[in-house]
Amino acid sequence: MATTKTTKKTTTSAKAAKAKATRDRFGSREGTESATINATITNKPQTVAAIAEKTGLSASRVRNHMKWLMDREHITKTDDGYKTKATTKGRSRKTTK
């Protein structure tokens, strides 16, 4: 009995479309759960529960994404919740001496 191998091919146009996908301010592709969470984050601190309620996503999904954003220094955690980091326009967040 002969076996046939099937392979999954991704078309060039599909790869190009993914590469050109519109990104939000934190780099997530528009239309994803991550982008939905990012859209709710402001300079005003918000709890995971509040963000989860606004987005309709689970608290664990929001919490995991908050950790991802914190690891990349996009947001900060305060006693009152998570908020965007204050940055000065045109200046880098990190300085070297």
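These numbers come from a predicted model, not from an experiment.

1. Notes on the environment of A35
Phase 1 of the analysis: The topology assignment puts A35 in helix α2 (residues 33-40).
Phase 2 of the analysis: Sequence separation of A35 and D24 is 11 residues, and the distance between their C-alpha atoms is 6.5 Å.
Phase 3 of the analysis: Among all residues touching A35, those that are not within four sequence positions of it are D24, S28, R29 and E30.

2. Overview of the packing of α2 against helix α4 (residues 59-71)
Phase 1 of the analysis: Close contact between α2 and α4 brings their axes to 10 Å; oriented N to C, the two are set at 75°. In terms of orientation, α2 lies roughly perpendicular with respect to α4. Where α2 abuts α4, its residues E33, S34, I37 and N38 lie against R61, V62, H65, M66 and L69.
Phase 2 of the analysis: Its residues assigned to classes, the contact of α2 with α4 comprises four nonpolar, three polar and two charged.

3. Remarks on the nonpolar core
Phase 1 of the analysis: Ranked by size, the top nonpolar core spans 12 residues in total: F26, I37, I41, V48, I51, A52, L57, V62, M66, L69, I75 and Y82.
Phase 2 of the analysis: Discounting residues that sit within four places of it in the chain, L57 has contacts with E33, I37, A52 and V62.

4. Observations regarding the pattern of salt bridges
Phase 1 of the analysis: Applying the stated criterion to the full structure yields two salt bridges.
Phase 2 of the analysis: With its nearest N and O atoms 3.1 Å apart, the salt bridge here joins D71 to K67. One end of the pair is D71 and the other is K67, both in helix α4 and four residues apart, which spans about a single turn.

5. Comments concerning the confidence of the model for the chain
Phase 1 of the analysis: Here the chain averages 83 in pLDDT, and 69% of its residues register 70 or above.
Phase 2 of the analysis: Within the chain, no element has a lower average pLDDT than helix α1 (residues 12-19), which sits at 66, and none a higher one than helix α3 (residues 48-55), at 98.

6. Focus: the packing of α3 against α4
Phase 1 of the analysis: At a minimum axis separation of 9 Å, α3 and α4 run at an interaxial angle of 115°. The hand of the α3/α4 crossing is right-handed. Mapping the contact onto sequence places V48, I51, A52 and T55 in α3 and A59, V62, R63 and M66 in α4.

7. Quick look at α2
Phase 1 of the analysis: Among all positions of α2, only S34, A35, I37, N38 and T40 are buried.
Phase 2 of the analysis: Against the buried residues of α2 lie α3 and α4.

8. Remarks on α3
Phase 1 of the analysis: By the burial criterion, the buried members of α3 are V48, I51, A52 and T55. Take α3 and look down its axis: the buried residues cluster within an arc of 100°, on one side only. In α3, the exposed positions angled more than 90 degrees off the buried face are occupied by A49, E53 and K54.
Phase 2 of the analysis: Elements in contact with the buried residues of α3: α2, α4 and β2 (81-84).
Phase 3 of the analysis: Once α3 ends, the next one or two residues include G56, with phi positive near 80°.

What counts and how
- Residues numbered from 1 in each chain as written.
- Predicted model: local features only at pLDDT ≥ 70, side-chain atom pairs only at ≥ 80, totals over all residues.
- Heavy atoms only, no water.
- Helix = DSSP H or I, 4+ residues; strand = E, 2+ residues; numbered from the N terminus.
- Contact = heavy atoms within 4.5 Å.
- Axes fitted to C-alpha atoms, helices over the stretch in contact; angles between N-to-C directions.
- Parallel < 35°, antiparallel > 145°, perpendicular 65-115°, else oblique.
- Nonpolar A, V, L, I, M, F, W, Y, C, P; charged D, E, K, R; others polar.
- Core = buried A, V, L, I, M, F, W, Y, C linked by side-chain atoms within 4.5 Å.
- Buried < 20%, exposed > 50% of the residue type's maximum accessible area, 1.4 Å probe, protein only.
- Salt bridge = Lys/Arg side-chain N within 4 Å of Asp/Glu carboxyl O.
- pLDDT = per-residue confidence, 0-100.
- Left-handed = near helix turned anticlockwise from the far one by under 90°.
- Arc of directions from axis to C-beta.

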